[in-house]
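# Structural features, examined
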Amino acid sequence: MPNDWQSDDPNLELGLERVMELDVEVESPIEIGDTGDGQRRIIPILGGTATGKIEGEVLSTGADYQIYRDRRPSEIVAKYAIETSDGDRIYVENRGMRFADPEVSERIREGKPVDPADVYFCSVPEFEVPTSELEWLENHIFVATGTRRSKGVRLAVYQVG
């Protein structure tokens with residue numbers, strides 16, 4: 001039964017367009033402790049850059065609120081702001097997950113380098129904008145993939161459809 005369930009309706013196809021990259025620098029985690037669903041930690045955002053259709057800087061505000069888990073996906077919710085090169089500010093709320101084998105997860109937790117190919121790290125950023133020129137960010141779905149670096153994260157953001 002080869003692909004009988006798939007239609008050839010072009011309206012059911014999705015396209016992805018890479019619209020920006022974010023390089024985000026972070027502070028050392030603030031460990032809250034085991035909250036029953038994993039280790040809660042808050043990772044302050046120190047700043048960074050945005051390149052692509054949005055050019056600017058990630059402001060040194062906000063944080064990544066994580067529930068770190070050894071054997072299940074870790075939950076990531078980052079809240080921060082970008083200031084464009086035109087001076088407009090964009091609020092970002094980025095929800096996602098990171099999953100790796102327990103040994104790789106422990107290396108991540110300890111801040112040690114890992115091979116990005118060993119980590120599943122995807123998210124769904126949402127944006128709030130103050131100007132009509134940026135409304136396209138509110139009117140589409142976006143997905144992102146990331147790689148962790150020693151003092152931060154690099155994200156590639158794609159517009160869906």
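From a predicted model like this one, the values you see are computed outputs, not experimental measurements. (Residues numbered from 1 in each chain as written. Predicted model: local features only at pLDDT ≥ 70, side-chain atom pairs only at ≥ 80, totals over all residues. Heavy atoms only, no water.)

In this section: the layout of surface pockets. In this structure, the largest pocket spans a volume of roughly 410 Å³. Across the lining of the largest pocket, the residue classes tally to 12 nonpolar, seven polar and eight charged. (1 Å grid on protein atoms, 1.4 Å probe; cavity = no way out; pocket = protein on both sides within 12 Å on 5 of 7 lines; lining within 4 Å. Points joined across faces, edges and corners; volume = space filled by probe spheres on them. Nonpolar A, V, L, I, M, F, W, Y, C, P; charged D, E, K, R; others polar.)

Attention now moves to the nonpolar core. In this structure, L22, Y80, I82, I90 and L137 are the most contacted members of the largest nonpolar core, which totals 30 residues. Listed by contribution, the elements that provide at least two residues to this core are strand 1 (16-26), strand 3 (39-52), strand 6 (74-84), strand 7 (89-99), helix 1 (102-109), strand 8 (120-128), strand 9 (142-149) and strand 10 (152-160). Looking at this core, the element that brings in the most residues is strand 1, giving five residues. Setting aside its immediate chain neighbours within four residues, L22 contacts T49, A50, V58, Y80, I82, V153, R154, L155 and V157. (Core = buried A, V, L, I, M, F, W, Y, C linked by side-chain atoms within 4.5 Å. Buried < 20%, exposed > 50% of the residue type's maximum accessible area, 1.4 Å probe, protein only. Helix = DSSP H or I, 4+ residues; strand = E, 2+ residues; numbered from the N terminus. Contact = heavy atoms within 4.5 Å.)

A separate point is the confidence of the model for the protein. Any residue range with low pLDDT should be treated as having predicted coordinates unsuitable for detailed reading. Looking at the protein as a whole, the pLDDT averages 93, with 99% of positions reaching at least 70. Summarising per-element confidence for the protein, the mean pLDDT is lowest in helix 1 (83) and highest in strand 4 (residues 56-58) (98). (pLDDT = per-residue confidence, 0-100.)

Okay, the packing of aromatic side chains next. Considering all chains together, one arrives at two aromatic pairs under this definition. Arranged with centres 5.2 Å apart and planes meeting at 90°, the rings of F127 and F142 form a pair that is edge-to-face. A residue pair is termed long-range when its members are at least 10 positions apart, and F127 in strand 8 and F142 in strand 9 qualify at 15 residues. Both residues of the pair, F127 and F142, count as buried. An aromatic cluster of three or more residues is present, and its members are F127, W136 and F142. (Phe/Tyr/Trp six-rings, centres within 6.5 Å; stacked < 30°, edge-to-face > 60°.)

Looking only at helix 1, the buried set comprises V104, S105 and I108. The arc that holds every buried residue of helix 1, seen down its axis, measures 100°, which confines them to one face. Where helix 1 is buried, its residues touch strand 5 (63-68), strand 7 and strand 9. Positioned one or two residues after helix 1, G111 has a phi angle of 80°, which is positive. (Arc of directions from axis to C-beta.)

Take the pattern of salt bridges next. Counted under the stated rule, the structure contains 12 salt bridges. Here R149 and D23 are joined by a salt bridge, their closest N and O atoms 2.9 Å apart. Residue R149 is located in strand 9, and its partner D23 is located in strand 1; the two are separated by 126 residues in the primary sequence. The closest approach of N and O atoms between K112 and E110, which form a salt bridge, is 3.0 Å. Taken together, the shared-partner salt bridges connect R18, E21, D23, R149 and R154 into one network. (Salt bridge = Lys/Arg side-chain N within 4 Å of Asp/Glu carboxyl O.)

With that settled, the discussion passes to the pairing of strand 6. The buried fraction of strand 6 amounts to eight of the 11 residues, a majority that puts the element mostly inside the structure. Note: strand 5 against strand 6, five bridges, orientation antiparallel. Bridge pairing in strand 6 links A63 to K79. Between strand 5 and strand 6, which pair antiparallel one after the other, the connecting turn spans five residues. Across 10 bridges, the pairing between strand 6 and strand 7 is antiparallel. Its bridge partner lying in strand 7, E83 is registered against R89. (Pairing = 2+ DSSP bridges.)

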